[in-house]
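Per-entry structural report
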Amino acid sequence: MTAHPLAGHFSVDDAARRIRHYRYAEERTMRILGGWIALTPELPAKLLFGRHVWDCAQHADLWGRRLPELRSPAQQSEPPNEAFVDFMALVETAEEPGRTIERVVGIYRVLKRHLLAEYERHLAHANPVYEPPTRRILQRCIEEERRHVAAGAVVLDRLVTDDAARARAQAWERRLVERLAAARGLGGDVETPALADVAPDSVRFQGDLVALDSTFEPVGLSEDLAQAVDAHARALIDAERSRWAADVAPEAREAVAGEYAALGKLATSEIVAVARIGAHRVVRVRLDGPERSWLVQQQWRRADGQWRLFTATIVRSDPRP
Amino acid sequence: MERPIAYDKLAREDRFVRMRARETSELRMAQGLPPMADLASRESIRERMHGIFVGELQAMEGAGRTVYDFPDAPWEFTMDMARQVWDESRHVEIYMDLLEHMGGHIGEFPESTILWRCACAEDAAARVAGVNRGLEGLACDVFNQLIHIARKIGDPIIEQAVDYVLADEITHVRMGSRWLNELTKGDPHRRRQAIEFQDTIDERFNLGGVRQDGAHDEVSISIAREARKLAGFTDEEIERLVKSTQRSPVY
């Protein structure tokens, strides 16, 4: 390419093709994030996805509207190749419970960092005389993707709480980067797809972070109820039926015993939730054994001056990591 | 990813206690309380706010699923639903802050997933009729009343924040009306089914006589006639809703 101000890197057809690729990535990301919101328990991640669905939709829309100006049908998405479709499909596979780390890594550590790098590469080569319509969209997308990447990094940092989680995140990232390399990136034209880095202090992303430090508050848990719930859990851990059965209202003993029959060997317990219904309390207790964890929801009511258990339901059972 | 997902896949942090709405109402009534929190005290306003907070969460999740579940729907429909996801995410934040403003916290009261279940209709037209017209219409009623109560108790924070949320909800109802018409154009059977779905949701959210046509401080949930008109409900639709509240069984 010469230094002439009208020298260009992309033909009209090349630019349209790249834009169809961008639209493919943005649209698919929008749909994946939208689908994941309901499947993601952690509030900061759930709300991060909720914030970014609309940004991705607008990016896809802007690209889709630009296309007819480049002799291409409006709102058309096109992946660069089948390998890139495979890459996106792999990102989307993180849908099972407990895979929020993989979701955030897939979108924010790999896909968006690559998209940002591709946008920056395009902007560096787009001619400033005859490609300003594309450049303006690129500039907006770059600004917003930088914000997304920075906010995603903060949320991921909160999710990765130990070495095992860190190893999981790194392994998933490596696997996705390999798959992205097999596609030769979003442009389908590079040996090693670039991943842009974003310095956190270079972007204002605080508006994208909600409920980051929000945790369980045992406000509705009075001291006597806490003691009753703990004593009950200790009896379960010790497998002493007469002790835990004494906490249960007589009319509920059979049903509660039936539910507890599904519990295995237990070692520790922790109260993780307390909700109020008038004077009653609904408590969630996590019971951990050597091999499995159980989340039990219990309904406690005051009767004859003491807390009595009226219902107990196992709401979840998971293998220990 | 599955399309659509099963109701019970709705994911929550462990600090959320989930219960069926009917069970919670029965436990409240057994203690001499109204079936759902009214707006008679700061305590009950806080409880109502917690219910709205989880409702907004489910509305965000439902709109997100609509973006994912209907890839062949018109692009402008997807754009409207994506916009709604963003709006609902802000509403979640607003109600989290209002909950804190009222001295409450996340998980303080049980969550029912009745709203989410309504957002799982398999047809896009039924989903917008049920969610955007049925549930967002209910939101117009609830928020309009909350604004009135906030004004009455002299709380400008609640009044102004909820007024902005109400403006969004009115927009969402309009989106629902537009897409109910466009998605069912030339298909009267599909349209009828979508409207019937909305009717069942309206009926369910009359909450056994809790929603009524009446003054803000006299009924638990008052029908917001003006907000509903602004959202595009016809006089005939509003009257039909009023009639349906009169035949709903009381708890």
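Residues numbered from 1 in each chain as written. Chains lettered and ligands numbered in written order. Predicted model: local features only at pLDDT ≥ 70, side-chain atom pairs only at ≥ 80, totals over all residues. Heavy atoms only, no water.

1. Brief notes about the overall build of chain B
The test is simple: Elements are defined by DSSP. Helices are runs of H or I of four residues or more, strands are runs of E of two residues or more, and each kind is numbered from the N terminus. What the globule rule says is 2.2 Å times the number of residues to the power 0.38, and the radius of gyration is computed from C-alpha atoms. All accessible areas in this document rest on Shrake-Rupley with a 1.4 Å probe, and a residue is counted as covered only by the protein chains that are shown. Neither His nor the chain termini are counted; the positive set is Lys and Arg, and the negative set is Asp and Glu. One atom stands in for each charge, and that atom is NZ of Lys, CZ of Arg, CG of Asp or CD of Glu.
Broken down by element type, chain B carries nine helices and two strands. Here the C-alpha atoms of chain B give a radius of gyration of 17 Å, agreeing with the 18 Å that 2.2 N^0.38 yields for 251 residues. Taken along the three principal axes of its C-alpha coordinates, chain B extends 50 × 40 × 35 Å. A total accessible area of about 10,300 Å² is found for chain B, and carbon and sulfur atoms account for 50% of it. Positive and negative charge centroids in chain B, built from 33 and 45 side chains respectively, lie 3 Å apart.

2. Looking at the packing of helix H3 (residues 75-101) of chain B against helix H6 (residues 156-183) of chain B
Residues and elements named next belong to chain B. For clarity, the cut-off: Axes here mean lines fitted to C-alpha atoms, for a helix over just the part in contact, with angles spanning 0 to 180 degrees between N-to-C directions. In these notes the angle categories are as follows: under 35 degrees is roughly parallel, over 145 is roughly antiparallel, 65 to 115 is roughly perpendicular, and the rest is oblique. A crossing counts as left-handed when the near helix is turned anticlockwise from the far one by less than a right angle, and as right-handed when that turn is clockwise. Any residue outside Ala, Val, Leu, Ile, Met, Phe, Trp, Tyr, Cys, Pro, Asp, Glu, Lys and Arg is labelled polar, Gly included; the first ten of those are nonpolar and the last four are charged.
The contact between H3 and H6 brings their axes to 10 Å, and the two run at 160°. Judged by the inter-axis angle, H3 sits roughly antiparallel to H6. Helix-helix and strand crossings are classified by hand; for H3 and H6 the assignment is left-handed. Residues of the contact of H3 with H6, tallied by class, amount to twelve nonpolar, four polar and nine charged.

3. Some details on the sheet that holds strand S4 (residues 306-319) of chain A
All names here are of chain A. As a reminder, the rule being used: Two strands are counted as paired when DSSP detects at least two bridges linking them.
The four strands are arranged S1-S2-S3-S4 in an open sheet whose pairing can be described as antiparallel. Lying at the two open borders of the sheet, with one neighbouring strand each, are strand S1 (268-277) and S4. The average undirected angle you get between the axes of adjacent strands in this sheet is 20°. When strand S3 (residues 292-303) meets S4, the two strands line up antiparallel, connected through twelve bridges. What sits directly across from Ser293, in S4, is Asp318.

4. Some thoughts on the pattern of salt bridges
Oppositely charged side chains may form a pair once their charged atoms are brought near each other. Which entries qualify depends on this criterion: The term salt bridge refers to a pairing of a side-chain nitrogen on Lys or Arg with a carboxyl oxygen on Asp or Glu at a separation within 4 Å. Three labels apply to residues, based on accessible area from a 1.4 Å probe with only protein chains included: buried if under 20% of the type maximum, exposed if over 50%, partly exposed otherwise in between.
According to the stated counting rule, one finds 61 salt bridges over all chains in the structure shown. When the shortest N-O distance is used, the salt bridge between B:Asp217 and B:Lys152 registers 3.1 Å. Of the two residues, B:Asp217 is situated in the loop between strand S1 (211-212) and strand S2 (221-222) and B:Lys152 in helix H5 (residues 124-153); the sequence distance between them amounts to 65 residues. For B:Asp217, a relative accessible area of 46% puts it in the partly exposed group. By sharing partners, the salt bridges in this structure join A:Arg18, A:Glu118, A:Arg121 and A:Asp189 into a single network.

5. As for the interface of chain A and chain B
This is how the line gets drawn: Contacts are assigned to residue pairs that have any heavy atoms within 4.5 Å of one another. Reported buried area values correspond to the accessible surface (1.4 Å probe) lost by two parts on association, with both partners' losses combined.
Between chain A and chain B, the residue contacts involve 53 residues of the former and 50 residues of the latter. The contact between chain A and chain B buries some 4,300 Å² in all, and 62% of this surface belongs to carbon and sulfur atoms. Taken as a group, A:Arg31, A:Trp54 and A:Arg276 account for 18% of the area that chain A buries against chain B, more than any other trio of residues on that side. Across the contact surface, chain A and chain B share five salt bridges.

6. A word on the nonpolar core
Convention followed: Throughout this description, the term nonpolar core refers to a set of buried Ala, Val, Leu, Ile, Met, Phe, Trp, Tyr and Cys residues connected via side-chain atoms within 4.5 Å.
Counting 145 residues, the largest nonpolar core has A:Trp36 and B:Tyr95 as the members making the most contacts within it. Take this core: its biggest share by element is 16 residues, from H5(B). With near-sequence residues (within four places) excluded, A:Trp36 lies in contact with A:Phe49, A:Val91, A:Glu92, A:Ala94, A:Glu95, A:Arg103, A:Ile107 and B:Met1. One finds A:Ala228, A:Tyr260, A:Val283 and A:Leu309 within the second-largest nonpolar core, a separate group that totals 30 residues.

7. With respect to the packing of aromatic side chains
For the record, the criterion: Planes of paired rings set the category: under 30 degrees apart is stacked, over 60 is edge-to-face and the rest tilted, where pairs are Phe, Tyr or Trp rings (Trp by its six-membered ring) whose centres lie within 6.5 Å. We call a charge positioned over a ring when the NZ of a Lys or the CZ of an Arg lies within 6 Å of the ring centre and within 35 degrees of the ring normal.
By the definition in use, this model includes eleven aromatic pairs over all chains. A centroid spacing of 6.3 Å and a plane angle of 25° characterise the contact between B:Phe16 and B:Phe53, whose relative ring orientation is stacked. One end of the pair, B:Phe16, is in the segment before helix H1 (21-30); the other, B:Phe53, is in helix H2 (residues 42-69), and 37 residues separate them in sequence. Taking 5.5 Å as the distance between ring centres and 80° as the angle between the ring planes, the aromatic pair formed by B:Phe77 and B:Trp179 counts as edge-to-face. Of this pair, B:Phe77 sits in helix H3 while B:Trp179 sits in helix H6; the two residues are 102 residues apart in sequence, bridging distant segments of the chain. Here the two residues B:Phe77 and B:Trp179 agree in accessibility, since each one is buried. Three or more aromatic residues link up through ring pairs in this structure, and these residues are A:Tyr22, A:Trp63 and A:Tyr119. Stacked on the ring of B:Tyr68, the Lys or Arg B:Arg3 has its end atom at 4.0 Å from the ring centre. Positioned above the aromatic ring of B:Phe233 is the side chain of B:Arg228, whose terminal nitrogen or guanidinium carbon lies 4.9 Å from the ring centre.

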